[in-house]
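# A closer look at the structure
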Amino acid sequence: MNDRKDERFRPATELVRAGRRTEWTSDPRLGGGVVNPPVWRASTILYDSIAEMKARGHATHDKLYYGRRGTPTVWALADALTGMEPGAEGTLLYPSGVAAITSGLLALLSPGDHLLMVDTAYEPTRQFCDGMLKRFGVETSFYDPLIGAGIGDLIRPETKLIFLESPGSLTFEVQDVPAITRVARERGVVTMLDNTWATPLLFPALAHGVDVAMMSLTKYVGGHSDAMMGSLTATPALWPRLRKATYQLGQAVSPDDCALMLRGLRTLDVRLQRHGVNALAVAEWLAARPEVGRVLHPGLPGDAGHRLWSRDFSGASGLFGFTLKGAGDAARARFIDALAHFGLGFSWGGYESLAVPADPQAIRSATAWTDPDALVRLSIGLEDPADLIADLERGFAAMGGGG
Ligand SMILES: *Cc1c(COP(=O)(O)O)cnc(C)c1O
């Protein structure tokens, strides 16, 4: 395999080649090499001499120095994720998606700064703004996900960062990312996007003007519900700041988990396509059911976000929501408890389907979620959608009438 870094291939091909540099998969003294970067477990790195030890202290991130700075297994995953985002300089890895978000915000914000946070952000992102960031003197204003270029009216001299998440957590509003990033660049404000739902395969974030793209790798990249990790992939301008802060915060990931993530990455393209097809089939079926109020899936032509989604995304993943018409907590519990193929649990993006109750009312402040019907979020897995639909039908039967 040649290592020409400048040569780019189509995304599915990149996923197969990604992170497999010859120096990480072979040893010239042994001859030949292996397909996958082996798991290099290390805390201590041994040096040949004092002179070499001194020289390595100032080395770049992809030379062996000390376990916390990573080994070839870690660099292979980071390199692979960078390769998926055209325009990216590098990727930093964190032990969870939340750690990626909080480390990015800590790296880029200082006391006295102002942050514009989308109102439909993942709940722990909001909690970090209202908690630790506030304590450290950073003020957060939450904004309507549908604000588009109107974000310019909310920018103050001290506004340093605009955080986006599209589609939004639980309610799936699609943001006009290019409009927001255009205004942000004109005004010298950095943008960071939670791209967990789409991954760069369905939405290359940096190509849409985003400066820092975040992913919870726990979801689709891992894909098997057995490992947690997060990533930040950044432009050349921001990469050095993020790397410095990440070293200072002592963020490190396990090479074993990186090997699991690399394994997931190889099949991400085919899995996402199947998740997308299955989820759309279930969403369309739900939209025609009398028990359903509305389906929140930007791939449906009637969805409020459909126009922007069609313009900017090359597909949909498997996560969406729907409301149960006239139902409250108790009826929703009867519905979910009756499901057999859908597991009841947090997280999503694994090969198995999940259903959870969702209550966005309490975690919105710039907008209001006023729909009285109980909301359910589905993560559609790789099962045959006909079996999933039969399962949902059982749920409707068990729900019966009443709140
Ligand atoms: C799950 C999730 C995260 C956090 O990821 P963890 O790996 O669970 O910490 C961040 N953003 C979104 C949109 C998520 O769904």
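Reference entry: report on the structure contained in this document.

About the thresholds
- Residues numbered from 1 in each chain as written.
- Predicted model: local features only at pLDDT ≥ 70, side-chain atom pairs only at ≥ 80, totals over all residues.
- Heavy atoms only, no water.
- Helix = DSSP H or I, 4+ residues; strand = E, 2+ residues; numbered from the N terminus.
- Buried < 20%, exposed > 50% of the residue type's maximum accessible area, 1.4 Å probe, protein only.
- Contact = heavy atoms within 4.5 Å.
- Areas by Shrake-Rupley, 256 points an atom, 1.4 Å probe, with all protein chains shown as cover.
- Near = heavy atom within 4 Å.
- Polar contact = N/O pair within 3.5 Å; in protein donor to acceptor, adjacent residues only side chain to side chain.
- Expected span 1.5 Å × (residues − 1).
- Arc of directions from axis to C-beta.
- Pairing = 2+ DSSP bridges.
- Axes fitted to C-alpha atoms, helices over the stretch in contact; angles between N-to-C directions.

## Description of the overall build of the protein
- Helix and strand counts for the protein come out as 14 helices and 11 strands.
- Among the 403 residues that make up the protein, the fraction classed as buried is 55%.
- Taking the intrachain contacts of the protein between residues at least 6 apart in sequence as the baseline, contacts between residues at least 24 apart amount to 73%.
- Summing over all exposed atoms, the protein offers an accessible surface of approximately 17600 Å²; the carbon and sulfur share of this is 55%.

## Looking at the site of the ligand
- Taken together, 15 residues are adjacent to the ligand, and Gly97, Asp194, Ser216, Thr218 and Lys219 come closest.
- Taking Val98, its main chain carries an N or O atom lying 2.9 Å from an oxygen atom of the ligand.
- Taking Ser216, its side chain carries an N or O atom lying 2.9 Å from an oxygen atom of the ligand.
- Broken down by element, the shell around the ligand gets its largest block of residues, 3 residues, from helix H5 (residues 97-108).

## Topic: helix H14 (residues 385-399)
- Across its 15 residues, H14 extends 21 Å between first and last C-alpha, which sits within 8% of the 21 Å expected from 1.5 Å per residue.
- Turning to H14, its buried residues number three or more, namely Pro385, Leu388, Ile389, Asp391, Leu392, Gly395, Phe396 and Met399. Burial along H14 is one-sided: seen end-on, the buried residues are contained in an arc of 160°.
- With a side-chain oxygen lying 2.9 Å from the backbone nitrogen of Ala386, the N-terminal cap of H14 falls on Asp384.
- Where H14 ends, the next residue or the one after it, Gly400, has phi of about 60°, a positive value.

## Some remarks on the environment of Gly315
- The topology assignment puts Gly315 in the loop between helix H12 (306-312) and strand S9 (319-324).
- Given the relative accessible area of 13%, Gly315 is considered buried.
- The sequence separation of Gly315 and Pro86 amounts to 229 residues, and the corresponding C-alpha distance is 18 Å.
- Apart from the residues within four sequence positions on either side, Gly315 is in contact with Trp197, Leu202 and Trp309.

## A look at the sheet that holds strand S2 (residues 114-118)
- The mixed open sheet is built from 7 strands, whose spatial order is S1-S7-S6-S5-S4-S2-S3. The sheet is open, and its two borders are formed by strand S1 (90-94) and strand S3 (139-143), each paired with just one other strand. Shown here is a sheet whose adjacent strand axes are inclined to one another by a mean of 20°, direction ignored.
- For S2 and S3, the ladder comprises 5 bridges, and the chain directions are parallel. Within S3, the position partnered with Met117 by the bridge is Phe142.
- Sitting on the sheet, helix H4 (residues 72-84) touches S1, strand S6 (212-216) and strand S7 (230-234), and the angle it makes with S1 is about 125°.

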